[in-house]
Amino acid sequence: MSAMGTSVPRLDGPAKVTGTAPYAFEHTGPGETVHLHPITATIARGTVTAMDTAAAEAEPGVLAVLTPWNAPRLADTSEREYAICQDAEVLYRGQPIGLVLAETAEVARWAQSLVRVAYDQAPHDVAFRPDHADAYEPEVVNGGYGPTSATGEMGPALAQAGVDGHVVDHSYSTPEEHNNPMEPHAVSAHWDPDEPLLTMYDSTQSPHGVATTLAPVLGLEAGQIRVIAPHVGGGFGSKGAPHAHDVLAALGAMHLPRRLIKYAVTRQQMFVFVGYRPRTVSRIRLAADADGHLTAIGHEAWSQSSRVKEFVEQSAVPSRSMYAAPNRRTTHRAVPLDVPAPYWMRAPGEAPGAFAAEVAMDELAETCGLDPIDLRVRNDPETDPESGKPWTSRRLVDCLREGAQRFGWSRRPTTPASRRDGCWLVGYGVAGAAYPHMVQPGSRATIRAEGDGRYRVRVGAVDIGTGTWTALTAVAADALGRPAESITLEIGDSALPYATVAGGSSGISSWGSAIFAAAGRFRTRYGDDPPRGAETTAAAGDYPELERYRAISFGAHFVEVRVDADTGEIRVPRMLGVFSIGRVVNPRTVRSQFIGGMTFGLSMALHEQSVRDTRFGHVVTQNLADYHVPTHADATDIDAVWLDEVDEHATPMGTRGAGEIGNVGSAAAVANAVYNATGARIRDLPVHADALLEHLPVDQ
């Protein structure tokens, strides 16, 4: 029986539920433990002119206070996000400008509050708006995509549709959102100058990425940094690269060699220097003929960026391929502000872009007098509209139809605000979902025969809570033609063969391809009865099918919303997702990923919003009391299913990415359901009850 496709419990489950799985802050590595706490700027722009550290240094248990004037020097300060304690310039409020090293975490945190800082304050700008005078077109947007694309002529198509067809032209916005995994960013760092070797126990989505990124910053060779991450308590993108906290720990370790420097980012600091989803605005223009066939798609996107480091959400990129239209244009503009650098947050670009595009499609369906599913079906492209390539598999229509049958879409009210159940207004919403299939190049795997039919598989992948330990064991078992029980997997260490980041829903496809390559070479060389100690290493090769085809995962979201007719309170009693992702490696963990992504979308639609005070430059909702996320009571009946398929063009395993597509489109489905329930078209997230009040019925 194939190990892939079999629903099995997580192999790491017992260690996690018994508390024996070590996370970054819990490692006890070599050396006496020292705790770190940063000193952070209390202005949004300017220069530090003086730092009085005397009171902090006199505090019992304080070992050192580092500032821009006495911190170890970095070898490369070209990347401003990592140039910590190297100069006196302040680029955003909350920027680390120093650090305290102490015997306990409590003493370190208290001592940093005793440091007195003087500033030469400069005017700052943290207010995002699309018409910002400094807005510019970036050279590339996240993912390496070009900022613009154009096919055909938008103007004539829009003009013609205005005469004898249908036009939708609206703007949609999403707020700042901050990644809040259960395990905040954390790192334990140890510097051994005799090796020399910097060992970092890091909560990261990319052990090798941390090592290769920080090595030139610290003036080290990549092999002089070892990053260990056997268990990571969630990341959602923010842990896809090192941030300021990693540099702080490295500076502390180099200042106090042979000590183990520990730093767990506080929940409040999670809203500052470890990445977040920036604010976005999308203007969507859709033109359709009288029958609802799209003739033009326009998507103009604006993204908040930072003067520290450019990051631009690729919000308009999904509109290049989602639906058929002979005329289309997409653009991106960045708005640089005096804020921390944004970074990946689950389904970066696709999530805010799909919210705008899929709500616009719902609006077009209403304008055309069509069922929202029918509109999407009749605009399903036979080939990729952007490249012209055939699809490896495009089953969006199957997802829509399967979901409609399972969800009971035929009971959807055709007239908004027409169905009521007691005090509740009831509505249904739907949205399409798409996420690009990515196989990152370069991953390598080593396979070693242990004797007695057992094999050891080594690859520097990482499990961020998604089930990698379990899924890669199944992949290795099938690649070697052995039962899963015969495989011992090693991951989570940059000392292992190179592996790409656990991001972009690319992990299993990228690492699994390397395992398949190594297994193929191993079996060719040694057969099915290898001698003990036989070993082979191989890298994932190029997959030529992906040059000839376009591979994207697809899905459809269905949502039931209930809105209190008196208060506008919104409840979501049902969500259903139907997905097309190729072969499913472990149904149990992939369903968990889908449901997690859909909960993310529910959160995006109704809860999450980071509020930045433009007077002072900081986020004021910097805790989980003020920054709202769903609880169990909010996420009631959420179900996810998938189509039975194997995409042989996508990877040797037949898999495509699964992690983030649950997030893409789900927020739009919620907003569309709110419209169906109330008649209120909400184009700015999150949807608040007060935005619905004027649309609620007045009972006589």
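Structural notes, computed from the coordinates. (Residues numbered from 1 in each chain as written. Predicted model: local features only at pLDDT ≥ 70, side-chain atom pairs only at ≥ 80, totals over all residues. Heavy atoms only, no water.)

Focus on the overall build of the protein chain
Threshold: Segments assigned H or I by DSSP are reported as helices when at least four residues long, segments assigned E as strands when at least two residues long, and all are numbered from the N terminus. Here, two residues are considered to be in contact whenever any of their heavy atoms come within 4.5 Å of each other. Note that accessible areas follow from Shrake-Rupley with a 1.4 Å probe, and for residues the cover is restricted to the protein chains shown. For this count, His and the chain ends are skipped, Lys and Arg are scored as positive, and Asp and Glu as negative. Lys charges are placed at NZ, Arg charges at CZ, Asp charges at CG and Glu charges at CD.
Within the protein chain, the regular secondary structure consists of 14 helices and 24 strands. The contacts in the protein chain between residues at least 6 apart in sequence include a share of 80% that link residues at least 24 apart. Accessible surface for the protein chain amounts to roughly 25600 Å². Of this, 49% is attributable to carbon and sulfur atoms. The protein chain carries 60 positive and 83 negative side-chain charges, and their two centres are separated by 3 Å.

Some thoughts on the layout of surface pockets
Quick reminder of the rule: Method remark: on a 1 Å grid restricted to protein atoms, a set of points is classed as a cavity if a 1.4 Å probe fits but cannot get out and as a pocket if it is open with protein on both sides within 12 Å along at least five of seven lines; lining residues have an atom within 4 Å of a point. Grid points are joined across faces, edges and corners, and a volume is the space filled by probe spheres set on the points. Each residue receives one of three labels: charged for Asp, Glu, Lys and Arg, nonpolar for Ala, Val, Leu, Ile, Met, Phe, Trp, Tyr, Cys and Pro, and polar for the others, Gly being one of them.
Its boundaries defined by the atoms lining it, the second largest pocket holds a volume of some 710 Å³. Looking at the second largest pocket, it is lined by 24 residues, and the ones nearest its centre are His-437, Met-438, Val-439, Leu-546 and Glu-547. Those elements giving two or more residues to the lining of the second largest pocket turn out to be α11 (507–526) and α12 (545–548). In terms of residue class, the lining of the second largest pocket is built from 13 nonpolar, 5 polar and 6 charged.

Here we look at empty space enclosed by the protein
Applying the stated criterion across every chain, the model contains 6 cavities of 30 Å³ or more. The space that makes up the largest cavity amounts to roughly 170 Å³. Taken together, 19 residues form the lining of the largest cavity, with Ser-319, Met-322, Tyr-323, Ala-357 and Glu-358 sitting closest to its centre. For the lining of the largest cavity, the element with the most residues is helix α7 (residues 350–368), which contributes 6 residues. Residue composition of the lining of the largest cavity, grouped by class: 12 nonpolar, 5 polar and 2 charged. Lining the second largest cavity are Tyr-145, Val-317, Pro-318, Ser-321, Met-322, Glu-350, Ala-434, Tyr-435, Pro-436, Arg-550 and Ile-552.

What to know about the packing of aromatic side chains
For the record, the criterion: Centre distance within 6.5 Å is the pairing criterion for rings of Phe, Tyr and Trp, where only the six-membered ring of Trp is used; planes under 30 degrees apart are then read as stacked, over 60 as edge-to-face, and the remainder as tilted. Burial classes follow relative accessibility: with a 1.4 Å probe on protein chains only, a residue under 20% of its type's maximum area counts as buried, one over 50% as exposed, and anything between as partly exposed.
Under the criterion given, the structure shown has 14 aromatic pairs. Measuring from ring centre to ring centre gives 5.2 Å for Phe-236 and Phe-600, while their planes differ by 65°; the resulting arrangement is edge-to-face. Separated by 364 residues along the polypeptide, Phe-236 in the loop between β11 (225–228) and α6 (244–255) and Phe-600 in helix α13 (residues 587–606) bring together distant segments of the chain. A relative accessible area of 29% means that Phe-236 is categorised as partly exposed. Ring centres of Phe-311 and Tyr-343 lie 6.0 Å apart, and the angle between their planes is 55°; on these two criteria the pair is classed as tilted. Of this pair, Phe-311 sits in the loop between β14 (294–306) and β15 (327–337) while Tyr-343 sits in the loop between β15 and α7, placing them 32 residues apart in sequence. Assessed through its relative accessible area of 7%, Phe-311 is described here as buried. Among the aromatic residues, those joined into a ring-pair cluster are Phe-407, Trp-409, Tyr-428 and Phe-558.

Overview of the packing of α7 against helix α14 (residues 666–678)
Quick reminder of the rule: Here, axes are lines fitted to C-alpha atoms. For helices the fit covers the stretch in contact, and angles between N-to-C directions go from 0 to 180 degrees. Should the near helix be turned anticlockwise from the far one by less than a right angle, the crossing is termed left-handed; should it be turned clockwise, right-handed.
Contact geometry for α7 and α14: axes closest at 8 Å, N-to-C directions at 35°. Regarding α7 and α14, the two cross each other, and that crossing is right-handed. Contacts from Ala-354, Phe-355, Glu-358, Val-359, Asp-362 and Glu-366 in α7 reach Ala-667, Ala-668, Ala-671, Asn-672 and Tyr-675 in α14. Per-class residue counts for the contact of α7 with α14 are 7 nonpolar, 1 polar and 3 charged.

Topic: the sheet that holds strand β4 (residues 89–90)
For clarity, the threshold we go by: Note on pairing: DSSP must find at least two bridges between two strands before they are called paired.
The 3 strands lie next to each other as β4-β2-β6, forming an open sheet whose pairing is antiparallel. What marks the edges here is a single partner per strand, and that holds for β4 and β6 (116–121).

Here we look at the pairing of strand β1 (residues 33–40)
In terms of burial, β1 is largely enclosed, as 6 of its 8 residues are buried. Sheet analysis places β1 next to strand β12 (residues 260–264), joined by 3 bridges and oriented parallel. Its bridge partner being in β12, Thr-33 is matched across the sheet by Leu-260. Pairing geometry for β1 and strand β5 (residues 96–102), over 6 bridges, is antiparallel. Paired with Pro-38 across the bridge in β5 is Leu-99.

Description of the nonpolar core
In plain terms, the rule: Here the nonpolar core consists of buried residues drawn from Ala, Val, Leu, Ile, Met, Phe, Trp, Tyr and Cys, with membership extended through side-chain atoms lying within 4.5 Å.
Counting 84 residues, the largest nonpolar core has Leu-286, Phe-558 and Val-561 as the members making the most contacts within it. At 10 residues, the largest contribution of residues to this core is made by α7. In this structure, Ala-241, Leu-256, Val-265 and Phe-273 belong to the second largest nonpolar core, which totals 51 residues.

Brief notes about the sheet that holds strand β16 (residues 420–421)
On the basis of which strands lie adjacent, the open sheet formed by 5 strands has the order β16-β17-β22-β23-β24 and mixed pairing. Pairing within the sheet leaves two strands with one partner each, and these edge strands are β16 and β24 (637–642). Where strand β17 (residues 424–436) and strand β22 (residues 552–564) come together, 13 bridges link them in antiparallel fashion. From the neighbouring strand, Trp-424 faces β22, where its bridge partner is Asp-564. Contacting β17, β22, β23 (570–580) and β24, helix α9 (residues 396–407) crosses the sheet at an angle of about 30° to β22. Each of β22, β23 and β24 is contacted by α13, which is oriented at about 130° to β24, the strand it contacts most.

Digging into the side chain of Gln-95
Spelled out, the test is: Counted as a polar contact is a pair of N or O atoms within 3.5 Å, where, for protein atoms, one must be capable of donating a hydrogen and the other of accepting one, and residues adjacent in sequence contribute only when both atoms are in side chains.
Mapped onto the elements of the fold, Gln-95 is located in the loop between β4 and β5. Judged by its relative accessible area of 10%, Gln-95 is buried. Reaching out from Gln-95, the side chain makes a polar contact with the backbone nitrogen of Leu-91 at a distance of 2.7 Å. Non-local contacts of Gln-95, meaning those with residues more than four positions away in its chain, are made with Ile-39, Thr-40, Ala-41, Glu-89 and Val-90.

Re the pairing of strand β13 (residues 280–288)
In terms of burial, β13 is a largely internal element, 8 of the 9 residues being buried. Pairing of strand β8 (residues 166–174) with β13, which is carried by 9 bridges, proceeds in the antiparallel orientation. The partner of His-166 across the bridge, within β13, is Ala-288. Sheet topology places β13 next to β14; 9 bridges connect them, and they run antiparallel. The residue of β14 that forms the bridge with Arg-285 is Gly-298. Taken together, β13 and the strand that follows it, β14, pair antiparallel across an intervening segment of 5 residues, in which Gly-292 is found at a positive phi of about 90°.

Structural notes on the pattern of salt bridges
Worth spelling out the cut-off: By salt bridge we mean one thing: a side-chain nitrogen of Lys or Arg within 4 Å of a carboxyl oxygen of Asp or Glu.
Summed over all chains, the structure comprises 44 salt bridges. Among the ionic pairs, Asp-338 bridges to Arg-45, the shortest N-O distance being 2.9 Å. Taken together, the positions of Asp-338 in the loop between β15 and α7 and Arg-45 in the loop between β1 and β2 (46–52) put the pair 293 residues apart, joining distant regions of the chain. Overall, the relative accessible area of 3% leaves Asp-338 in the buried class. Arg-45 gets classed as partly exposed once you look at its relative accessible area, which sits at 24%. The partner of Arg-550 in a salt bridge is Asp-384, with the nearest N and O atoms 3.0 Å apart. In this pair, Arg-550 is assigned in the loop between α12 and β22 and Asp-384 in the loop between α8 (372–378) and α9, connecting sequence segments 166 residues apart. Owing to a relative accessible area of 17%, Arg-550 belongs among the buried residues under this scheme.

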